Amino acid sequence: MMRRAGKLLWIGAIALFLAGVVSYVSLTLYYRERFVSGTWINGIYCTGLTPEEVETRLLEGTEPYTLTIHLENQDMETIEEKEILYYKDYHTKIQSIKEKQKAFLWPLSFMNPLTYEIEPRPVYDKEALERAVLGLNCMNRKKPEGEVYAKIEKGQDGYVLVEEERNQISEEKIKARVKEAVEGEERDIYIVEEDVYEEYFINEQTQKVYDAFAKIHAFQNASTVYEGLKEEEGITKERIAQWIVFLEEEPYIDEEKVDDYVEYLGDKYDTLGKDRVWNKTGGGTVTIHGGTYGFLIDREAEKKAIIETLQSGKPVTRAMIFKESKLKRPEGEEDIGKTYIEIDMSRQTLYYYVEGDLYLESPIVTGNLKRGRGTPARVCYIYGKQRRRILRGPGYASFVNYWMPVNGNIGLHDATWRKEFGGEIYKTSGSHGCINLPYEKAEKIFEKAEVGLPVIMYY
């Protein structure tokens, strides 16, 4: 019985061994034509696949190759892969990986996975590529005869250089560049950025044209954008072109036209002494004539800055040049800004706004209308501040604690001798022209207001 059991064990062991040998040999034969277990190529699991099957998978979803040639004036031409018999060759590198794998060592692959990253080799027909390049429309341009010719023309957007015979593409240069693009798998070539044009002899006259246009280009490039204004304003390429004049074919800037432009700026942006339409507190508008508050463009300094910019050939962004003033011009707003004192003499009320918010409101007494001393309607500003001042005039001397002159000898001040303010007092018992305020209101204004604060007075 024991002998029989032992014999059966031997037979089983031998059978198991033979089965293992058969399996090993079978898989070895299987992996001779396929990738062993644990093989990854470009993220694809290749175990059990043939090189041809792996290449098919790598090519799945590949975008067809097209080379786009971008020409002047945004024109385009293309070379398609079928024209040049183009394809991506993965086979050579896949086969090389397969040949390095030893089929009889397949059991080891379970313990040592193999990962590869490969790039395809672009393959194309060189003669077909050359035919495709020579067949491009851009290669059919008539070749120039003689010397390069150029001229300067004026269009709607300024002066331009017209080169009638300077855009001929070199056959050899474009063929070399396209070949390089295909082999590098580039998909776009921008002709205007490439060195693919023929070289030509430039005669003396054409060189003068180039030199003149270089100067014109510098002028037209030197635009000015004015910052800090409520609306867009600037010196554009088109405007500069209107200023260019020629003297014996040499371009210059006509400074008289620059003078005219500066005068235009003055008419548009000067505010000193001009009529203003004011939006009154409580609604409605009023036109105020003249005054001492406002700004003037410095004509000479502005013209000089414009000429210097044009000569530099570089664009600038800057503030418009105004004449020196004690006043601070608010940026991006009307020149009065959001902080000011408004005096409605019909309502006999003063409003003090700070950054657009009403800081203080007060009844007032202005100039005596019956005696012809009415306070003039003006746009002025506080040009001084003084404590404990005696105001003198014909037949009077008045002590005030807070004095803020705004227009000659007319100013804002406290009037401690008055018991009432506002109403109709000013018509028959008004001041000599000043704006009388209650003591506490005058004190607050004096402490808050700065020299240069706009004061708008109207009826």
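To start, this report covers the structure provided alongside it. Just so it is clear, the model here is predicted, and its values are computed rather than measured.

## Digging into helix α9 (residues 299–312)
The end-to-end C-alpha separation of α9 is 20 Å, in line with the 20 Å expected for 14 residues at 1.5 Å each. Every buried residue of α9 is accounted for by Glu302, Lys303, Ala305, Ile306, Ile307, Thr309 and Leu310.

## Looking at the layout of surface pockets
Space inside the second largest pocket adds up to approximately 490 Å³. In this structure, the second largest pocket is lined by 20 residues; those nearest its centre are Lys328, Thr339, Glu355, Leu453 and Pro454. For the lining of the second largest pocket, a count of residues per class yields nine nonpolar, three polar and eight charged.

## Remarks on the pattern of salt bridges
The final tally for this structure, using the stated rule, is 21 salt bridges. Across the salt bridge formed by Glu153 and Lys151, the nearest N and O atoms sit 3.2 Å from each other. By relative accessible area, Glu153 is classed as partly exposed at 35%. Using a relative accessible area of 27% as the deciding quantity, one classes Lys151 as partly exposed. Note that Lys427 and Glu424 form a salt bridge whose closest N and O atoms lie 2.6 Å from each other.

## Considering helix α3 (residues 91–100)
Turning to α3, its buried residues number three or more, namely Ile94, Ile97 and Lys98. All buried residues of α3 lie within an arc of 100° about the axis, which places them on one face of the element. In α3, the exposed residues that point more than 90 degrees away from the buried face are Glu99 and Lys100.

## So, the packing of aromatic side chains
How two aromatic rings sit relative to each other is set out by the distance from centre to centre and by the angle between their planes. The full count for this structure, using the stated rule, is 13 aromatic pairs. Their ring planes at 65° and their centres at 6.3 Å tell us that Tyr293 and Tyr381 sit as a pair that is edge-to-face. Taken together, the positions of Tyr293 in the loop between β16 (285–288) and α9 and Tyr381 in strand β21 (residues 378–381) put the pair 88 residues apart, joining distant regions of the chain. What makes Tyr381 buried here is its relative accessible area of 16%. Relative to Phe446, the ring of Tyr402 has its centre 5.2 Å away and its plane inclined at 50°; by these criteria the two rings are tilted. Residue Tyr402 is located in strand β23 (residues 396–407), and its partner Phe446 is located in helix α11 (residues 439–448); the two are separated by 44 residues in the primary sequence. What makes Tyr402 buried here is its relative accessible area of 3%. Judged by its relative accessible area of 13%, Phe446 falls in the buried class.

Cut-offs used in this document
- Every chain's residues receive numbers from 1 upward, in the order its sequence appears when written.
- With pLDDT at 70 or above as the cut-off, local features in this predicted model cover only qualifying residues; side-chain atom pairs require 80 or more to be listed or tallied, and sums for whole chains, interfaces and linings still use all residues.
- With hydrogens and water stripped out, all remaining heavy atoms of the structure feed into the side-chain values.
- Going along the chain from the N terminus, every DSSP run of H or I of four or more residues is numbered as a helix, and every run of E of two or more is numbered as a strand.
- In this scheme, a helix's expected span is set at 1.5 Å multiplied by one less than its residue total.
- Relative accessible area decides the class of each residue, using a 1.4 Å probe on protein chains only: under 20% of the type maximum gives buried, over 50% gives exposed, and in between gives partly exposed.
- The pocket and cavity definitions rest on a 1 Å grid over protein atoms only: a 1.4 Å probe that fits but cannot leave marks a cavity, an open set with protein on both sides within 12 Å along at least five of seven lines marks a pocket, and residues lining either have an atom within 4 Å of a point.
- Grid points are joined across faces, edges and corners, and a volume is the space filled by probe spheres set on the points.
- Only Asp, Glu, Lys and Arg are considered charged in this grouping, and only Ala, Val, Leu, Ile, Met, Phe, Trp, Tyr, Cys and Pro are considered nonpolar; every other residue, Gly among them, is considered polar.
- One side-chain nitrogen of Lys or Arg within 4 Å of one carboxyl oxygen of Asp or Glu is enough to make a salt bridge.
- Along the arc lie the directions from the helix axis toward the C-beta atoms.
- Pairing of aromatic side chains here covers Phe, Tyr and the six-membered ring of Trp, requires ring centres within 6.5 Å, and sorts the geometry by plane angle: under 30 degrees stacked, over 60 edge-to-face, intermediate tilted.

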